[in-house]
Amino acid sequence: MVEKFRLTLACWSYDRTIALYDGTVRPEGIELNYLPLWPQETFYRMLKYKEFEVAELSFGAYVASFFEDKPFVAIPVFPSRSFRHNSIYINVNSGIKEPQDLVGKRVGVPEYRQTAAVWIKGILSDMYGVKPESVTYYTGPLEDPSKRRKFFTVLAETDVLPKYKEIKVVRISEGKNLSDMLANGEIDALYSALVPSSFKTFPASVKRLFTNYRELEIEYYRKTKIFPIMHVIVIRRDVYEENRWIAKSLYKAFEEAKNIAFEKFTTATGTLHYSLPWLFDHYEETVKVMGEDYWPYGLKKNYHTIETFIRYMYEQGIIPRLVKPEELFAKEVTDT
């Protein structure tokens, strides 16, 4: 019996990856040790120590790393995607009523190159004329570090600041956090992938900029055909260079696992497999707007989305030049 190649994968337990976690899907030639770690923990450990052979990684972190020492190579598998009109929060006394009012304001971002923040800055620039350099950014912990998981407090160690454009970024004082600063008016707005606690604890002070965000996100998709990519699967470069075949094997396995998850929406309709009472209605509405293949893997179907994200990284001073999307991915899977 031929011994399989052993790999450790760190990735959150999404519905679209659970078949890899429980062994329903097994990558060809690979014995996979799947660690279902919280994404922020995986990001930190991978960026700081390169602990895993394969991992889910922030797309922004990966693109930035491509212009440094290139420690990873990606396959076009995107376990996390999210629209981001819903992720802009404002202090009600800031004078911000519409996107253009953000110009000249103090805006919090947990990390300058956080993928969600890159998308938000890019969307605001393209759709509303709010250029990345038109605000002052305040970076630091989203929440009180003493009350949150430790990996939320060390993100600054792996952040990438704007090196290639004059953009003002201020590191907040030790002991401060962006959620509280938004509530008390020390910053005017916040771009955050996670909902700040002050949105719930101080509802009179903290609101979303776009209260009709779902409507706007649907409109954005119809105009651009972009469903923003948040995370990507990467292979540690030393592992990939010695075993290039694993890129294709992993890609095929992730694709199969995703297909199993999505089949449940059309075949397992007799019972709710997620705790959402109108789950199937939501699925049907999503398909009406985005089509049946609304969460595509592969380079070809995501080319425009990836190209747009690269442009945003460049316009925000995070990377020194534009590259073609295919340059970011293992050659074995650029035909997907």
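Cut-offs used in this document
Residues numbered from 1 in each chain as written. Predicted model: local features only at pLDDT ≥ 70, side-chain atom pairs only at ≥ 80, totals over all residues. Heavy atoms only, no water. Pairing = 2+ DSSP bridges. Helix = DSSP H or I, 4+ residues; strand = E, 2+ residues; numbered from the N terminus. Axes fitted to C-alpha atoms, helices over the stretch in contact; angles between N-to-C directions. Contact = heavy atoms within 4.5 Å. Phe/Tyr/Trp six-rings, centres within 6.5 Å; stacked < 30°, edge-to-face > 60°. Buried < 20%, exposed > 50% of the residue type's maximum accessible area, 1.4 Å probe, protein only. Lys NZ or Arg CZ within 6 Å of the ring centre and 35° of its normal. Parallel < 35°, antiparallel > 145°, perpendicular 65-115°, else oblique. Nonpolar A, V, L, I, M, F, W, Y, C, P; charged D, E, K, R; others polar.

Quick look at the sheet that holds strand β9 (residues 189–191) now. Within the open sheet, the 6 strands sit side by side as β8-β7-β6-β9-β5-β10. Their pairing is mixed. With partners counted over all chains shown, the strands left at the sheet margins are β8 (169–171) and β10 (206–208), one partner each. Geometrically, the sheet is characterised by an average inter-axis angle of 30° between neighbouring strands, direction not taken into account. In this structure, strand β5 (residues 88–91) lies alongside β10, joined through 3 bridges in antiparallel fashion. Bridge pairing links N91 to V206 in β10. Packed onto the sheet, helix α4 (residues 115–128) meets β5, β6 (106–109), β7 (136–139) and β9 and runs at close to 120° relative to β9.

This part covers the packing of aromatic side chains. Under the criterion given, the structure shown has 20 aromatic pairs. Ring centres of Y112 and Y137 lie 5.4 Å apart, and the angle between their planes is 80°; this geometry places the pair in the edge-to-face category. Highlighted residues: Y112 in the loop between β6 and α4 and Y137 in strand β7, separated in sequence by 25 residues. One exposure class covers both Y112 and Y137, and it is buried. The rings of F59, F78, W119, F309, Y312 and F329 are connected pair by pair, giving a single aromatic cluster. Taking the ring centre of Y137 as reference, the NZ or CZ of K121 above it sits at 5.3 Å. Against the face of Y297 rests K258, its NZ or CZ located 4.5 Å from the ring centre.

Looking now at the packing of α4 against helix α11 (residues 303–315). Contact pair α4 / α11: the axes reach a minimum separation of 9 Å and the direction vectors enclose 90°. By the angle between their axes, α4 is roughly perpendicular relative to α11. For the pair α4 and α11, the contacting residues are T115, V118, W119, G122, I123 and D126 in the first and T305, T308, F309, R311, Y312 and M313 in the second. Residue classes in the contact of α4 with α11 are distributed as 6 nonpolar, 4 polar and 2 charged.

All right, on to the environment of N33 then. Mapped onto the elements of the fold, N33 is located in strand β2 (residues 30–35). Overall, N33 belongs to the partly exposed group, its relative accessible area being 39%. Along the chain, N33 and I226 lie 193 residues apart, while their C-alpha atoms are 33 Å from each other.

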